[in-house]
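Close look at the chain arrangement
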Amino acid sequence: MPAHVKQKIAGWGGWPRVECAVFRPEKRRGIADVLANGEQPHYIARGLGRSYGDVAVNPGGGVINTTRLNRMIAFDENAGVLECEAGVSLEEILETFVPRGWFLPVTPGTKFVTVGGAIANDVHGKNHHIDGTFGEHVDRITLLTPTGSIITCSPKQNEDVFWATVGGIGLTGIILTATIRLQRITSAYIKVDYRQCTNLDALLAAIRETDDKYKYSVAWVDCIAKGAKLGRSVLMSGDHVAANELPSQYGHALSIPHKSKKNVPFNLPGFLLNPLSIGAFNKLFYAVHPSKQGQITDYDKYFYPLDAIHNWNRGYGKNGFAQYQATFPHDGVEGLVKLLEKLSASGRASFLAVLKRMGPGSKGLLSHPIDGWTLTLDIPVKDGIVQFLNESDELVAQYNGRLYTAKDSCTRPEVFAAMYPRIKEFKAIKAKLDPAGKLSSRLARRCGIVEGPVEP
Amino acid sequence: MSNSVAIAATAAPVSGPGTVIVIGVTSAIARALAGEFAKHGHDLIVASRDIEETNAIATDLSVRHNVKVISKYFEAEIFGTHATFVDECIRDANGSLDGVVIGFGFMDEQSVAEAKFEVARRTIDVNVTATISVCEKFATQFETTRRGFIIGISSVAGDRGRQTNYIYGASKAAMTTYLQGLRNRLFKSGVHVLTVKPGFVDTKMTFGLPLPGPLVATPEAAARAIYNANEAKKNTAYVPWFWRYIMLIIGSIPEFQFKKMKL
Ligand SMILES: Cc1cc2nc3c(=O)[nH]c(=O)nc-3n(C[C@H](O)[C@H](O)[C@H](O)COP(=O)(O)OP(=O)(O)OC[C@H]3O[C@@H](n4cnc5c(N)ncnc54)[C@H](O)[C@@H]3O)c2cc1C
Ligand SMILES: NC(=O)c1ccc[n+]([C@@H]2O[C@H](COP(=O)([O-])OP(=O)(O)OC[C@H]3O[C@@H](n4cnc5c(N)ncnc54)[C@H](OP(=O)(O)O)[C@@H]3O)[C@@H](O)[C@H]2O)c1
């Protein structure tokens, strides 16, 4: 019998933490064996657990950790096309292919993410306004369906299964392998322009004016600043540096300095992060990032500043935190302002708030991005958090905005369905692929995508 | 002694990284160690009893590191197949053989090994008999070419017998002693033998065991430590290093006390 271990696991936010039967197959056949064995009522795949909420946990059922199925299968050096198992991490892809002149087509703010996880949440990066989501750079997926067959899907073959699986949060099957297109680079460096913006209006104007000129763009927003300063921010726009533009002091253009990693070995006491300390941090961040042009930085520092501190999530203490990411269509900017106002008034300070303009969404039925504005923040778990988040959800829905499965931990079914109108199509495909309901997660049940009690 | 040193120093010169053979490559430690060697430019021959998985691992290593990787079938318990296996490895390394890693090993729960003799026997067959069978053949080859290394993955469990895993422990004690003697014999031929004693490594052998988290190493970290120990020509490497001290303490408890303890 495939061995499992009962573990209390959570997403990256550490909340909610629930007991699941965790499997970790090390052989390709292993996943099919776990599903076929059927000792648990249902299962969900889990990559590196970097989703914040409950999308990769499954209380009362099984969780299949895919991280040991991380073999690369083929690489086309001319086209930059990589075929690999779904457990390969973005870090491994960077380590292997940056020195050969290839970079990820799309990357989230951490490289400790698996290819399977990147597809299942159809993740986006700082280049969404130019390049779209990760799923839009996937040529092919092999999927182990819950009934045990293996099917290949792509934008041309089994198209419906493909776009249900891209952003399908693991509910259509287990992604075994994927073929992805990398992008050419000639250096491992990014040149960044920083622009300070005194408030939200200034920021939105700056983004509208400059976004098309840069491949990457994202703004850090001070959530403590109120009134006329609401939305005080630093816009950071970047592009890859061409090898011939890179000053010689950087040495070999495709290698970057090795960094030692810092670690947060245990949960810090929650009181360390309070409105005062976060406010001080935010002021400091603003002060040390005056407007300046053409700062050269390596890709690691630019894309993954938080990865330098291992287990940084423990900084929020043992109660954990929720991450909240809401995306509003262009005509819902008012909702964005109200959400910021609500947050800054609540004292539920956020350590990190990030604002970005999104481009048009992908064809993924449950894929998150829509053309508009996305705001992401951390909210430490304290009394009343569920109510606070549910109220925020209502606000988001009212302005036709939507929340992101990779971050969510509280949204209710009615609200989720309103945010994701294509849920009906998704359910129809899911019913065909998974008639017995073998794939389920806490999020899937909580948001009403799948029937069943949220927790047993 | 000084004589031996002189002989060791005149061993055949090595020109660039050659081929390393990793047997039992479906072990996460062995796979990661194969990756360390490939990263440093070595071609590889990898083997295990699961040819499909071995092929997947071989392809992965060659895609990641741009080295040549050959995969082979190897079953530890069918001793009669070992001579052909070793001959083929030597042939395929084509004169560039640098060394061999013994990565296969077997452990079942102590209670199972106590109750079922075939499990106890398999523990000895895989960890001891097969190790000896394979290593003797490579040793003879390395003696003739006067170069090479053998890395054997033993265990801290062989340092002291404990009620919770003494059958596996006994097999690892035998393996450690065997490698020690082999090191002594091959020294004069310039051949290095490294005994690796992992503490806890997060692999399928230990998945699900209630281990103290901070003491458990990742296979990748273990592999880096093993690679470095081999480069430094260490004789015994505790992995991670602090296990040397843990075992020193465990080893220093007098037997009359130790026998009463639950460890
Ligand atoms: C610091 C930080 C920054 C981030 N920045 C961004 C960002 O900028 N943009 C963004 O979009 N996201 C961002 N994220 C979120 C992260 O990119 C996603 O949550 C991603 O999906 C995590 O991948 P994972 O491998 O950890 O998957 P998990 O979190 O373990 O799982 C995520 C989902 O993928 C499914 N899944 C995993 N493997 C498979 C498989 N083989 N087959 C089928 N389903 C599978 C799971 O079932 C689950 O539904 C960030 C997260 C962190 C911690
Ligand atoms: N993990 C630890 O904490 C730890 C601690 C101390 C020592 N060790 C030692 O480290 C080595 C590697 O173990 P691991 O932890 O990586 O666990 P593992 O994945 O179970 O590795 C054991 C390896 O031995 C192979 N094997 C077992 N019986 C075999 C047989 N009859 N014929 C051929 N191959 C056989 C296995 O093949 P299959 O994949 O086909 O089963 C697998 O490749 C072992 O010697 C182990 O004793 C491990």
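Note that residues are indexed from 1 along each chain, following the sequence as it is written. Ligands are numbered from 1 and chains lettered from A, in the order in which they are written. Residue-level local features of this predicted model are given only where pLDDT is at least 70; pairs of side-chain atoms are given and counted only at 80 or more, and the full residue set underlies all totals for whole chains, interfaces and linings. The basis for every side-chain value is the complete set of non-hydrogen atoms in the structure, without hydrogens or water.

What follows deals with the overall build of chain A. Helix and strand labels come from DSSP, where a helix needs a run of H or I of at least four residues and a strand needs a run of E of at least two; each type is numbered from the N terminus. A count of helices and strands for chain A gives 13 helices and 21 strands. For chain A, the C-alpha radius of gyration of 21 Å lies close to 23 Å, the compact-globule estimate for 456 residues. When its C-alpha atoms are laid out on the principal axes, chain A stretches across 60 × 55 × 45 Å. Residue exposure (1.4 Å probe, protein chains only): buried if accessible area is under 20% of the type maximum, exposed if over 50%, otherwise partly exposed. A burial count over chain A gives 61% of its 456 residues as buried. The contacts in chain A between residues at least 6 apart in sequence include a share of 73% that link residues at least 24 apart. To be clear on the numbers: accessible area is Shrake-Rupley with a 1.4 Å probe, and residue cover counts the displayed protein chains and nothing else. With the model as given, the accessible surface of chain A reaches about 17,600 Å², and the carbon-plus-sulfur share is 55%. The convention is simple: Lys and Arg are positive, Asp and Glu are negative, and His and the chain ends are not counted. Charge positions are represented by NZ for Lys, CZ for Arg, CG for Asp and CD for Glu. A distance of 4 Å separates the average location of the 53 positive side-chain charges in chain A from that of its 44 negative side-chain charges. Radius of gyration: C-alpha atoms only; globule rule: 2.2 Å multiplied by the number of residues to the exponent 0.38. In this description, contact between two residues means that some pair of their heavy atoms is separated by no more than 4.5 Å.

Looking now at the overall build of chain B. Regarding its fold elements, chain B presents 10 helices and nine strands. Considering only C-alpha atoms, chain B reaches an extent of 55 × 50 × 35 Å along its principal axes. Counting all 263 residues of chain B, 51% fall into the buried class. Across chain B, 28 positive and 24 negative side-chain charges occur, with their mean positions spaced 7 Å apart.

For the rest of this paragraph, the subject is the pattern of salt bridges. Just to be clear on terms, a salt bridge is a Lys or Arg side-chain nitrogen sitting within 4 Å of an Asp or Glu carboxyl oxygen. Applying the stated rule across the entire model yields 43 salt bridges over all chains. A salt bridge links Lys27 of chain A to Asp50 of chain B; the nearest nitrogen and oxygen atoms lie 3.3 Å apart. Of this pair, Lys27 of chain A sits in the loop between strand E2 (18-23) and helix H1 (28-37) while Asp50 of chain B sits in the loop between strand E2 (43-48) and helix H3 (51-65), each in a different chain. The exposure class assigned to Lys27 of chain A is partly exposed, which follows from its relative accessible area of 22%. Asp50 of chain B gets classed as buried once you look at its relative accessible area, which sits at 9%. The closest approach of N and O atoms between Glu391 of chain A and Lys342 of chain A, which form a salt bridge, is 2.7 Å. One end of the pair, Glu391 of chain A, is in helix H10 (residues 385-398); the other, Lys342 of chain A, is in helix H9 (residues 333-346), with 49 residues separating them in the sequence. Judged by relative accessible area, Glu391 of chain A falls into the partly exposed class, the value being 36%.

All names here are of chain A. The antiparallel open sheet is built from five strands, whose spatial order is E5-E6-E10-E8-E9. Two strands lie at the open edges of the sheet, namely strand E5 (72-76) and strand E9 (150-153), each paired on one side alone. Each strand of the sheet is rotated relative to its neighbour by a mean of 10°, with strand direction disregarded. If DSSP finds at least two bridges between two strands, the strands pair. Pairing of strand E8 (residues 138-144) with E9 involves four bridges; the strand directions are antiparallel. Paired with Ile141 across the strands is Cys153, a residue of E9. Here, axes are lines fitted to C-alpha atoms. For helices the fit covers the stretch in contact, and angles between N-to-C directions go from 0 to 180 degrees.

Residues and elements named next belong to chain B. Of all seven residues in strand E6 (residues 192-198), seven are buried; the element is thus mostly enclosed. Alternating positions in E6 separate into two faces, His192, Leu194, Val196 and Pro198 on one and Val193, Thr195 and Lys197 on the other, with burial throughout. Looking at chain direction, strand E5 (residues 149-153) and E6 are connected through five bridges and run parallel. Paired with Gly152 across the strands is Thr195, a residue of E6. Every crossover in which the path from the first strand over the helix to the second runs clockwise, viewed with the strands pointing away from the viewer, is termed right-handed. For the crossover that starts at E5, traverses helix H7 (residues 166-186) and ends in the parallel E6, the hand is right-handed. Direction of pairing for E6 relative to strand E9 (residues 236-239): parallel, over a ladder of four bridges. Among the inter-strand pairings, Pro198 is bridged to a residue of E9, identified as Val239.

Residue and element names in this part refer to chain A. Sheet architecture is open: four strands sit in the order E1-E2-E4-E3, paired in mixed fashion. Looking at the sheet topology across the chains shown, the edges are occupied by strand E1 (5-9) and strand E3 (43-46). Across the sheet, the mean angle separating the axes of adjacent strands is 40° when strand polarity is ignored. Alignment of E1 against E2, held across five bridges, turns out to be antiparallel. Note that in E2 the partner of Lys8 across the bridge is Glu19. Contacting E2, E3 and strand E4 (62-65), H1 runs over the sheet at an angle of about 175° to E4.

Moving on: a nonpolar patch on the surface. Residues Trp241, Tyr245, Leu248 and Ile249 of chain B make up a contiguous nonpolar surface patch of about 520 Å² in total accessible area. Along the chain, Ile249 of chain B turns up in helix H9 (residues 243-252). Patch definition: residues above 30% relative accessible area lacking any salt bridge, with like charges linked at up to 9 Å and the nonpolar side chains Val, Leu, Ile, Met, Phe, Trp and Tyr linked at up to 5 Å.

Considering the arrangement of structural elements, one finds Ala280 of chain A in helix H7 (residues 275-288). Put simply, Ala280 of chain A and Ile224 of chain A are 56 residues apart on the chain and 9.6 Å apart in space, counted from C-alpha to C-alpha.

Further remarks concern the interface of chain B and chain A. Of the residues lining the interface, 20 residues belong to chain B; the matching set on chain A comes to 22 residues. Of the roughly 1,800 Å² buried at the junction of chain B and chain A (both faces included), carbon and sulfur atoms supply 46%. Run the count over chain B and chain A and you get seven salt bridges. Among the salt bridges present, the one from Arg64 of chain B reaches Glu92 of chain A, with a minimum N-O distance of 2.9 Å. Here a polar contact means two N or O atoms within 3.5 Å. Within protein one must be a hydrogen donor candidate and the other an acceptor candidate, and residues neighboring in sequence count only if both atoms are side-chain atoms. On inspection of chain B and its partner chain A, the count reaches 13 residue pairs in polar contact (both at pLDDT 80 or more). The set of elements that each furnish at least two residues to the side of chain B that touches chain A consists of helix H2 (28-39) and H3 of chain B. Buried area is calculated as the accessible area (1.4 Å probe) missing from two parts once they are joined, with the contributions of both summed.

Take the domain arrangement of chain A next. Residues and elements named next belong to chain A. For the domain bounds, the source is a domain assignment made automatically or taken from a database. Its domain assignment divides chain A into domain 1 (5-67 + 423-446), domain 2 (72-184) and domain 3 (189-410). For domain 1 and domain 3, the distance between their C-alpha centres works out to 29 Å. Opposite the 17 residues of domain 1 that make contact, domain 3 presents 20 residues. The contact between domain 1 and domain 3 buries some 1,500 Å² in all, and 64% of this surface belongs to carbon and sulfur atoms. If you sort the residues of domain 1 by the area they bury against domain 3, Trp12, Trp15 and Tyr52 come out on top, with a joint share of 49%. At the boundary of domain 1 with domain 3, the tally comes to one salt bridge. The interface formed by domain 1 and domain 3 contains six residue pairs in polar contact (both at pLDDT 80 or more). When residues in the side of domain 1 that touches domain 3 are grouped by element, the largest group, four residues, is from helix H12 (residues 423-433).

What follows is about the site of ligand 1. Residues and elements named next belong to chain A. We call a residue near a molecule or strand when any one of its heavy atoms sits within 4 Å of it. Around ligand 1 sit 34 residues, and of these Ala45, Arg50, Ser51, Thr114 and Tyr404 come closest. Within the contact set of ligand 1, an oxygen atom lies 2.8 Å away from a backbone nitrogen or oxygen of Gly47. Here Gly117 contributes a backbone N or O atom positioned 2.9 Å from an oxygen atom of ligand 1. For ligand 1, the accessible surface in isolation is 970 Å², of which the surrounding protein chains cover 95%. For the shell around ligand 1, the elements supplying multiple residues, two or more each, are E3, helix H3 (115-120) and strand E10 (174-181). Residue composition of the shell around ligand 1, grouped by class: 18 nonpolar, 13 polar and three charged. When residue character is reported, Ala, Val, Leu, Ile, Met, Phe, Trp, Tyr, Cys and Pro are called nonpolar, Asp, Glu, Lys and Arg charged, and the others, Gly included, polar.

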